[in-house]
Amino acid sequence: MKIGLIGLPKSGKTTLFNLLTGSTVPTSRYETGRGELHTGIARVPDPRVDRLSALFQPKKTTYASFEVVDLAGIAKGERAGLETKEFRNADALLHVVRAFTDPALGALDPRRDIDDLETELILADLEVVERRLARLEASIKKRRTDAEVREQEILKKLQAALEAATPLRALELSADEARVVRGFTFLSQKPILHCVNLDEKAVGEGERVVERFGLGGLTSRPHTRVGWASAVIEAEVARLAGDEQQAFLADLGLTEPALRRLLSDCYALLGLISFFTVGDDEVRAWAIPLGTRAQDAAGTVHSDMARGFIRAEVTGYDELVAAQGSFAEVRARGQLRLEGKDYVVGDGEICHIRFNVAK
Ligand SMILES: Nc1nc2c(ncn2[C@@H]2O[C@H](COP(=O)(O)OP(=O)(O)OP(=O)(O)O)[C@@H](O)[C@H]2O)c(=O)[nH]1
Ligand SMILES: [Mg+2]
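Predicted, not measured: the structure shown is a model, and the values here were computed from it.

Caption draft 1: Quick peek at the overall build of the protein chain. Of the regular secondary structure elements, the protein chain holds 15 helices and twelve strands. Oriented by its inertia axes, the alpha-carbon framework of the protein chain measures out at about 65 × 65 × 35 Å. Evaluated residue by residue, the protein chain yields a buried proportion of 33% over its 359 residues. Long-range pairs, those at least 24 residues apart, make up 69% of the contacts in the protein chain between residues at least 6 apart in sequence.

Next up, the structure:
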């Protein structure tokens, strides 16, 4: 899964990118960083993985992760900067919205910035739709095919929505429509998390960003979330370890580092849940969309496991922890289930896949 960091210039994207991925890309108030693109990996913190790892003492512990792409800022009217392949195929957008004061950047107004950015996404999509519609029209004139007429119908529906300033993520599409639309990688269709980047002094008021900046209308939109952080504070939090970190957070009136919250928000925004595989070699979290069948879940681990799938042995996280990680004990308690390929895997379940690949 891939997350694209997006936002107006100097909103703090690269600062947040560094935090998410543990990178050290230079950030600056002045440099434009035009055309620069950074990619990295963000680990999704999960206390359940920590606990399982403590129980199994594996050689390796692997958290679920996101790929993160950081682009240069997109100013009003500069949507051409969005035409990057690495960005186009992002699964979700993390929109960094400035809410810290910087005299050089003018008055802060997160609501306006959110609308301005959304407008750029919508206009970029509208250009794609209109280009394709012009081609389709010419092609249908020459030789009419049902497939192209259907595509034209669907694109006209999208065009009408975009012209009415509705992002495509707000449209309900039938399976048939979704299939046609998928290949276009429309930007306004991607789920979006607006992260309000707060002034250091305001960080204790994070829980109230929605009221404070009049963002109430956004939270009820489909595939949209509002989060907050103060990137500069988070950089300090990240430098501290354990107890010191907790003490610093408590001083600021915070309960946890913003990164943890933002990453779990991204997870939820994408409709993802985790299942775990455990053993002496590795304890690992796997991200799957809610509603994934056992056979497809097996396929995220290895394609052979999906192909030769026989059964999944499944138990819950709480059950396994209560049994101190002993499968024999879980089985004895009648809490180890054998499930078939159509079983829908639940969040936090521990799965052991039995499979057989013919030679
Ligand atoms: N006061 C304050 N400054 C911040 C915060 N986040 C970022 N900045 C500053 O804003 C400036 C720009 O930060 P970057 O992370 O480079 O912003 P960006 O969005 O990546 O910028 P471009 O890629 O050039 O669009 C730097 O000087 C940061 O230190 C914040 O939470 N508070
Ligand atoms: Mg940057």
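Caption draft 2: The site of ligand 1, seen in detail. Contacts to ligand 1 come from 22 residues, most closely from Gly12, Thr14, Thr15, Thr27 and Gly73. Sorting the residues of the shell around ligand 1 by element identifies α1 (13-21) and α9 (231-239) as the ones contributing at least two each. A total of three residues in the shell around ligand 1 trace back to one element, the largest contributor, which is α1. Here the residues of the shell around ligand 1 sort into five nonpolar, twelve polar and five charged.

Caption draft 3: Examining the sheet that holds strand β7 (residues 224-229) more closely. Pairing is mixed across the open sheet formed by six strands, whose spatial order is β2-β4-β1-β5-β6-β7. Each having just a single partner strand, β2 (38-43) and β7 make up the two edges of the open sheet. Averaged over all pairs of adjacent strands, the angle between their axes in this sheet comes to 25 degrees, without regard to strand direction. Inspection of the sheet shows β2 paired to strand β4 (residues 65-70) by six bridges, in the antiparallel sense. Each residue of the ladder has a partner; that of Ala42, found in β4, is Phe66. Here helix α11 (residues 258-269) sits on the sheet in contact with β1 (2-6), β2, β4, β5 (92-99), β6 (192-198) and β7, set at roughly 170 degrees to β7.

Caption draft 4: Broad picture of the environment of Ala75. Mapped onto the secondary structure, Ala75 falls in the loop between β4 and α3 (85-88). A sequence separation of 65 residues divides Ala75 from Lys10, and the C-alpha atoms of the two residues are 9.8 Å apart. Apart from residues lying up to four places away in sequence, Ala75 is in contact with Leu8 and Pro9.

Caption draft 5: A look at the nonpolar core. Formed by 79 residues in total, the largest nonpolar core has its most connected members in Leu5, Ala92, Leu94, Cys195, Val196 and Cys266. Each residue touching Leu5, except ones within four places of it in the same chain, is listed here: Lys13, Leu16, Phe17, Val68, Val69, Asp70, Leu71, Leu94 and Val96.

Caption draft 6: View of α11. Taking 1.5 Å per residue as the helical rise, α11 with its twelve residues ought to reach 16 Å, and the 16 Å between its terminal C-alpha atoms agrees with that figure. The complete set of buried residues in α11 reads Ala258, Leu259, Leu262, Leu263, Cys266 and Leu269. Buried residues of α11 fall within an arc of 130 degrees about the axis and therefore sit on the same side. Phi turns positive, to about 70 degrees, at Gly271, one or two residues after α11.

Cut-offs used in this document
- Residues numbered from 1 in each chain as written.
- Chains lettered and ligands numbered in written order.
- Predicted model: local features only at pLDDT ≥ 70, side-chain atom pairs only at ≥ 80, totals over all residues.
- Helix = DSSP H or I, 4+ residues; strand = E, 2+ residues; numbered from the N terminus.
- Buried ≥ 20, exposed ≤ 12 C-beta atoms within 10 Å, placed from the backbone.
- Contact = placed C-beta atoms within 7 Å.
- Near = placed C-beta within 6 Å.
- Nonpolar A, V, L, I, M, F, W, Y, C, P; charged D, E, K, R; others polar.
- Pairing = 2+ DSSP bridges.
- Axes fitted to C-alpha atoms, helices over the stretch in contact; angles between N-to-C directions.
- Core = buried A, V, L, I, M, F, W, Y, C linked by C-beta atoms within 7 Å.
- Expected span 1.5 Å × (residues − 1).
- Arc of directions from axis to C-beta.

Remember that the coordinates give geometry; whether it matters functionally is a separate question.
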